[in-house]
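An overview of the molecular structure
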Amino acid sequence: MTREITFAAAIREATDQCLQADPRVYLMGLGVPDPKGIFGTTTGLQEAYGVDRVLDMPASENAMTGVAIGSAIAGQRPILTHQRVDFALLSLDQLFNNAAKWHAMFGGQMRVPLVVRLMVGRGWGQGPQHSQSLHSLFGHVPGLKVVMPSTPHDAKGLLTAAVQDDDVVIYIEHRWLHGVVGDVPAGTYTVPIGAARVAREGSDITLVASGYQTLEALRAAEWLAEDGVSAEVVDLRSIKPIDEHAIVASVGRTRRLLAVDGGWRFAGVASEVLAIAAEQAHASLSTAPRRITLPERHTPTSWPAAQRYYPGVPEIVATVRDMLGLPPQSVPPQWRESGYGDQPSPSFRGPF
Amino acid sequence: MSTIPARPADAADVGQSLLYGMLRIRMVEEAIASRYHHEEMRCPVHLSIGQEAVAVGVASALDRRDAVLSTHRAHAHYLAKGGDLRAMIAEIHGRATGCSGGMGGSMHLVDMEAGFLGSTPIVGGSIPVGAGVAFASKQRGDGRVTAVFFGDGTTEEGVFYETLNFAALHRLPLVFICEDNLYSVYSPREVRQPAGRDLVALGRSMGLAAERGDGNDVRLVRDLATRAVARARSGDGPTLLELSTYRWLEHCGPNYDNDIGYRSEAEFEVWRERCPVERETARVIAAGEATVASIDATRLRIAAEVDDAFAFALASPFPEDRDLPAAYASPLVNPR
Ligand SMILES: Cc1ncc(C[n+]2csc(CCOP(=O)(O)OP(=O)(O)O)c2C)c(N)n1
Ligand SMILES: [Mg+2]
C-alpha cells in the first residue's frame with residue numbers, strides 16, 4: 001500500500017521510529033521542541049518521549065557537538081540538528097578533530113554513532129551566511145559519512161540508516177525539499193548509505209546530481225526528452241561514500257557525463273564525480289565531461305541576483321545540448337521559471 | 001555629543017533627542033512590518049520594536065567616529081548610530097542603492113561613514129570582530145571606542161567568553177551590550193541557561209566592569225553607556241552591560257506571535273506597559289520639554305522621511321551581476 005507524505009513528515013517519522021525502537025537514541029538541537037519544530041520535522045516528539053530524550057539546547061554548537069560525541073562513546077546514539085549548515089560551522093572543531101577521529105585515534109576501541117542533521121537554506125533573501133552548501137567539505141574528512149536525500153522515501157530510509165550506523169553521519173537536507181510529497185512506507189526501513197539510485201533511465205547522457213539538484217536534473221531530463229534527448233539521472237543519495245560503481249555503470253551506458261552539484265566548484269562533489277569518470281570510465285566517454293556548480297562568489301540577498309546565481313533547468317539543458325552538438329534553444333514557455341525564484345512553492349509567504 | 005541622526009533643529013534638548021531617536025526607529029520598524037506583506041522586502045527581517053531604548057541610549061553615548069557592530073537584529077543599532085535610512089530600506093528591498101549593494105539584506109547592514117562596521121546573523125560572529133576593531137584602536141591610539149550589540153542567547157556561545165577574556169586581558173576600548181529580551185528565537189531562558197545566572201558577576205569575575213539595567217529606560221541606558229564609554233576611552237578597559245528588554249513581534253517577520261505557544265499574551269502585556277517610547281514621551285511632557293503637539297509634529301516629519309525612504313528604495317534598480325562585489329577584493333588571477 002502506498003502513502004504520500006512530505007519530506008519533512010518522513011524525517012519526523014524516521015526520528016519517531018528510531019526513538020521508539022532504541023532507548024539510546026536521543027534528539028537535540030536549537031528549537032527542536034519549539035512551536036515551529038524544525039520546519040515540522042520534530043513536532044510533538046518531546047511530548048512523546050520526554051525532555052530528556054528530545055531537547056532544546058543552548059546556542060553552543062561546538063560544545064554541544066562535543067557533548068553529543070561524549071554521550072555517543074558512552075553508549076548513546078544522538079541526533080543533533082542545526083537549522084542551517086552555516087550554524088554548524090561553529091562545531092567543525094568537534095566534528096573534524098574529535099567525531100571523525102575518535103574511533104581510529106584510540107586504536108579502534110570506541111565508536112561515535114552520531115547523526116548531525118544540517119539544513120541548506122535557499123530563497124527569500126537567505127544571503128551569504130544562511131545558504132551555504134558545504135557537503136563536499138564534510139565529505140573531505142575521513143571518518144564522516146555524508147548523505148543527501150532528494151525524496152521523502154530516501155529521507156526516511158537514509159535517516160533511519162544513519163541512526164543505526166556506528167559512525168558519524170552528516171545528514172544534509174535542503175529546505176526546498178521539506179514540502180515535497182512522495183510515497184513513503186509506513187513501517188521502519190533503511191536506504192543503504194553509499195548506494196546511488198537511477199532516478200530516470202536514459203541513453204544519451206548521464207546527469208549525476210544529489211539533494212535538491214536531483215529535482216532540477218529530473219526536470220531538465222523531461223524537457224530534453226521533448227526534443228528527443230534521453231538523459232539518465234543518477235541521484236547520488238550519499239556523498240560519502242560516493243557510489244563509484246553507479247557512476248561508472250551509467251557513463252558506460254550513455255558515454256557522456258554532466259555532474260550537477262549545489263555546491264561550489266573547487267574540490268567539490270562535481271569534481272569528484274568527474275575524477276571518478278576520468279579514472280574509471282575514460283574509455284567510455286565520447287566527449288569531455290562537464291560540471292554545473294554554483295558560481296565562485298557568495299549568495300546575493302537581492303532576489304533577481306539570487307535567481308541568476310543558482311543554476312537550474314535552463315543551464316542544465318543548455319549544457320547538455322552543447323555537449324550533444326545540438327544548437328542552442330530558447331526556453332519554451334512551459335519551462336520558463338515563473339515568479340521570483342526565491343520560494344520553494346508558490347504558497348510560501350516568507351520569511352524562513 | 002549625540003550621534004542621533006538628523007536631529008530636528010527645534011528639538012535641541014537631550015530629552016527630546018533620545019525620544020526622537022526611539023520614535024524614528026519605532027516608526028521605521030512599524031513601516032517595515034506593515035509593508036512586509038507587499039512582498040517587496042524579500043529577506044528575513046528581525047525587528048526591534050520594544051527594544052529601541054537600548055540602541056538609542058548606547059548610541060547617544062558614542063561619537064560618530066566610534067564603531068558599532070551588531071547582529072541579525074540590527075535595524076535599531078544602525079539607525080541609532082546614524083546609519084543612512086534610505087540605504088537601509090533599499091538594502092532590505094534588495095536594491096543596488098542599498099547599504100550593502102543588495103548583497104546582504106536586513107541581516108547585513110553597514111554604514112562606514114557612521115561607524116557602523118557591519119551586522120551579521122551568525123550568532124556571536126560579530127563579537128570578536130568588534131574586539132578586533134577595539135584592538136586596532138588601542139594599537140593605533142586613535143581614541144575610538146567600539147560597541148558590540150548581541151542578545152541574551154548569544155552569551156551561550158564560546159566565542160563570547162573567549163572575547164570577554166581577551167578584551168579584559170588587553171583592556172580594550174570596548175563596550176559589550178547584551179540585550180536580554182528573554183528569548184533566543186522561541187526558546188525561553190529556562191531551557192538554555194541555569195536559573196540564577198548572573199552575567200554581571202560573570203563579567204566582573206572575568207575582569208570587566210559590568211552593570212545591569214532596565215533596557216527600556218533610555219536615560220538609564222544612556223547613563224550606563226556614558227560611564228562605560230568614558231572608561232573605555234580613558235584606557236580603563238571594557239565594560240559589559242546587561243540590559244533587560246522585550247521584543248514585541250515574532251523573532252523573524254512582521255507579526256505578533258503571542259498565540260503560537262512559546263510565550264503568553266499576559267507576559268507581552270506586562271512589557272508593553274513598559275514601552276520605552278511611551279515612558280520617555282511621558283517624561284519629556286511632564287518635564288515640559290515637549291508637548292503632545294510638538295511630538296505629533298515630529299511624528300509627521302518622521303513619517304515623511306520614512307515614506308521618502310521607501311519611495312527611494314522602490315524606485316531604485318536591482319543590482320546587475322557586474323555591480324555585485326566579487327568574493328575577493330583583488331582579482332583572482334594566476335601570474336603569467
Ligand atoms: C551560530 C548560530 N546558531 C544559531 C542561529 C539561529 N539563530 C538566529 S537568531 C538566534 C537567536 C539568538 O538569540 P539572542 O542572541 O537572544 O538574540 P535575539 O534574537 O533575541 O535578539 C538564533 C539561535 C544562528 N543564526 N547562528
Ligand atoms: Mg534574545
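No experiment lies behind these values; they were computed from the predicted model shown.

1. Quick look at the side chain of aspartate 257 of chain B
Within the secondary structure, aspartate 257 of chain B is located in the loop between strand 8 (239-244) and helix 9 (265-273). The contacts of aspartate 257 of chain B, once residues within four sequence positions are left out, are Tyr186, Arg247, Leu249, Glu250, His251, Tyr262 and Arg263 of chain B.

2. Things to note about the sheet that holds strand 4 (residues 77-82) of chain A
All names here are of chain A. In spatial order, the strands read 3-2-4-5-7-6-12; together these seven strands make up an open sheet with mixed pairing. Either end of the sheet is taken by a strand with one partner, and the two such strands are strand 3 (54-55) and strand 12 (238-240). The pairing of strand 5 (residues 115-120) with strand 7 (residues 168-174) spans six bridges and is classified as parallel. In the strand pairing of strand 7, arginine 117 is matched with tyrosine 171. Set on the sheet, helix 6 (residues 92-99) makes contact with strand 5, strand 6 (144-147) and strand 7; between it and strand 7 the angle comes to about 145°.

3. Observations regarding the domain arrangement of chain A
Residue and element names in this part refer to chain A. Taken domain by domain, chain A comprises domain 1 (2-185) and domain 2 (197-335). Relative placement of domain 1 and domain 2: their C-alpha centres are 27 Å apart. In this complex, domain 1 contributes 29 residues to the contact, which on the side of domain 2 involves 25 residues. Summing both sides of the interface, domain 1 and domain 2 together bury roughly 2000 Å²; the carbon and sulfur share of this comes to 57%. Of all residues in domain 1, Arg122, Met148 and Ser150 give up the largest surface area on contact with domain 2, accounting jointly for 25% of the area buried on that side. Joining domain 1 to domain 2, the criterion identifies two salt bridges. Salt-bridge contacts for aspartate 154 lead to arginine 237; the nearest nitrogen and oxygen are separated by 3.2 Å. For the pair domain 1 and domain 2, the interface holds 11 residue pairs in polar contact (both at pLDDT 80 or more). Those elements giving two or more residues to the side of domain 1 that touches domain 2 turn out to be helix 8 (135-139), strand 6 and helix 9 (152-164). Counting residues per element, the side of domain 1 that touches domain 2 draws most heavily on strand 6, which supplies four residues.

4. Focus on the interface of chain A and chain B
Between chain A and chain B, the contact holds 36 residues from the first and 37 residues from the second. The junction of chain A with chain B conceals about 3100 Å² of combined surface from both sides, 57% of it contributed by carbon and sulfur atoms. At the boundary of chain A with chain B, the tally comes to three salt bridges. Residue aspartate 321 of chain B pairs with arginine 308 of chain A through a salt bridge whose shortest N-O separation is 3.0 Å. Put simply, chain A and chain B have 17 residue pairs in polar contact (both at pLDDT 80 or more) between them. Elements supplying a minimum of two residues to the side of chain A that touches chain B: helix 5 (85-88) and helix 13 (303-309) of chain A. Considering every element that reaches the side of chain A that touches chain B, the biggest residue donor is helix 13 of chain A, with four residues.

5. Details of the pattern of salt bridges
Side chains that carry opposite charge are capable of pairing whenever their charged atoms lie near each other. Residue and element names in this part refer to chain B. The final tally for this structure, using the stated rule, is 42 salt bridges over all chains. A salt bridge links aspartate 307 to arginine 35, with the shortest nitrogen-to-oxygen separation between them at 2.8 Å. Here aspartate 307, found in helix 11 (residues 292-315), pairs with arginine 35, found in helix 1 (residues 14-35); they are 272 residues apart in sequence, far enough to count as distant. Taking relative accessible area as the criterion, aspartate 307 reaches 41% and is therefore assigned partly exposed. A salt bridge links glutamate 242 to arginine 212, with the shortest nitrogen-to-oxygen separation between them at 2.9 Å.

6. Topic: the side chain of glutamate 39 of chain B
Along the polypeptide, glutamate 39 of chain B turns up in the loop between helix 1 and helix 2 (52-59). Under the relative-accessibility criterion, glutamate 39 of chain B is labelled buried at 17%.

7. So, the site of ligand 1
The environment of ligand 1 is formed by 19 residues, the closest being Glu61 of chain A together with His72, Pro121, Asp152 and Thr154 of chain B. One chain alone does not account for the residues near ligand 1; they come from chains A and B. For ligand 1, an oxygen atom lies 2.8 Å from a polar atom in the side chain of arginine 73 of chain B. A distance of 3.4 Å separates an oxygen atom of ligand 1 from a polar atom in the side chain of serine 184 of chain B. Starting from 580 Å² of accessible surface for ligand 1 in isolation, the protein chains cover 94%. Counted by class, the shell around ligand 1 contains eight nonpolar, seven polar and four charged residues.

8. Notes on the packing of aromatic side chains
Under the criterion given, the structure shown has 18 aromatic pairs over all chains. A ring pair is formed by phenylalanine 150 of chain B and phenylalanine 160 of chain B, whose centres lie 5.3 Å apart and whose planes are at 55°; its orientation type is tilted. With phenylalanine 150 of chain B in strand 3 (residues 146-151) and phenylalanine 160 of chain B in helix 6 (residues 158-169), this residue pair connects regions lying 10 residues apart in the sequence. For phenylalanine 160 of chain B, a relative accessible area of 0% translates into the label buried. Relative to phenylalanine 268 of chain B, the ring of tryptophan 248 of chain B has its centre 5.8 Å away and its plane inclined at 85°; by these criteria the two rings are edge-to-face. Separated by 20 residues along the polypeptide, tryptophan 248 of chain B in the loop between strand 8 and helix 9 and phenylalanine 268 of chain B in helix 9 bring together distant segments of the chain. The two residues tryptophan 248 of chain B and phenylalanine 268 of chain B agree in class, both being buried. Cluster of aromatic residues (ring-pair linked, three or more members): Tyr183, Tyr186, Tyr246, Tyr262 and Trp271 of chain B. A cation over a ring is seen here: arginine 42 of chain B above tyrosine 340 of chain A, with NZ or CZ 3.4 Å from the ring centre. The side chain of arginine 95 of chain B reaches across the aromatic face of phenylalanine 318 of chain B, ending 4.0 Å from its centre.

9. A word on the pairing of strand 11 (residues 231-235) of chain A
All names here are of chain A. Burial analysis of strand 11 places five of its five residues in the buried class, which makes it a mostly covered element. In strand 11, alternate side chains face the same way, and those of Ala231, Val233 and Asp235 on one face and Glu232 and Val234 on the other are all buried. Inspection of the sheet shows strand 9 (residues 197-200) paired to strand 11 by three bridges, in the antiparallel sense. Its bridge partner lying in strand 11, arginine 197 is registered against aspartate 235. The pairing of strand 10 (residues 205-209) with strand 11 spans five bridges and is parallel. Bridging across to strand 11, threonine 206 finds its partner in glutamate 232. In this fold, strand 10 hands off to helix 10 (residues 212-226), which returns the chain to strand 11; that crossover is right-handed.

10. Here we look at the pairing of strand 3 of chain B
Residue and element names in this part refer to chain B. Of all six residues in strand 3, five are buried; the element is thus mostly enclosed. Inspection of the sheet shows strand 1 (residues 67-70) paired to strand 3 by three bridges, in the parallel sense. By the bridge assignment for strand 3, alanine 67 is matched with threonine 146. After leaving strand 3, the chain enters helix 6 and then returns to the sheet as strand 4 (residues 174-180), a path that is right-handed.

Conventions and cut-offs
- Residues numbered from 1 in each chain as written.
- Chains lettered and ligands numbered in written order.
- Predicted model: local features only at pLDDT ≥ 70, side-chain atom pairs only at ≥ 80, totals over all residues.
- Heavy atoms only, no water.
- Helix = DSSP H or I, 4+ residues; strand = E, 2+ residues; numbered from the N terminus.
- Contact = heavy atoms within 4.5 Å.
- Pairing = 2+ DSSP bridges.
- Axes fitted to C-alpha atoms, helices over the stretch in contact; angles between N-to-C directions.
- Domains from an automatic or database assignment.
- Buried area = accessible area lost by both parts, 1.4 Å probe.
- Salt bridge = Lys/Arg side-chain N within 4 Å of Asp/Glu carboxyl O.
- Polar contact = N/O pair within 3.5 Å; in protein donor to acceptor, adjacent residues only side chain to side chain.
- Buried < 20%, exposed > 50% of the residue type's maximum accessible area, 1.4 Å probe, protein only.
- Near = heavy atom within 4 Å.
- Areas by Shrake-Rupley, 256 points an atom, 1.4 Å probe, with all protein chains shown as cover.
- Nonpolar A, V, L, I, M, F, W, Y, C, P; charged D, E, K, R; others polar.
- Phe/Tyr/Trp six-rings, centres within 6.5 Å; stacked < 30°, edge-to-face > 60°.
- Lys NZ or Arg CZ within 6 Å of the ring centre and 35° of its normal.
- Right-handed = clockwise from strand over helix to strand, strands pointing away.

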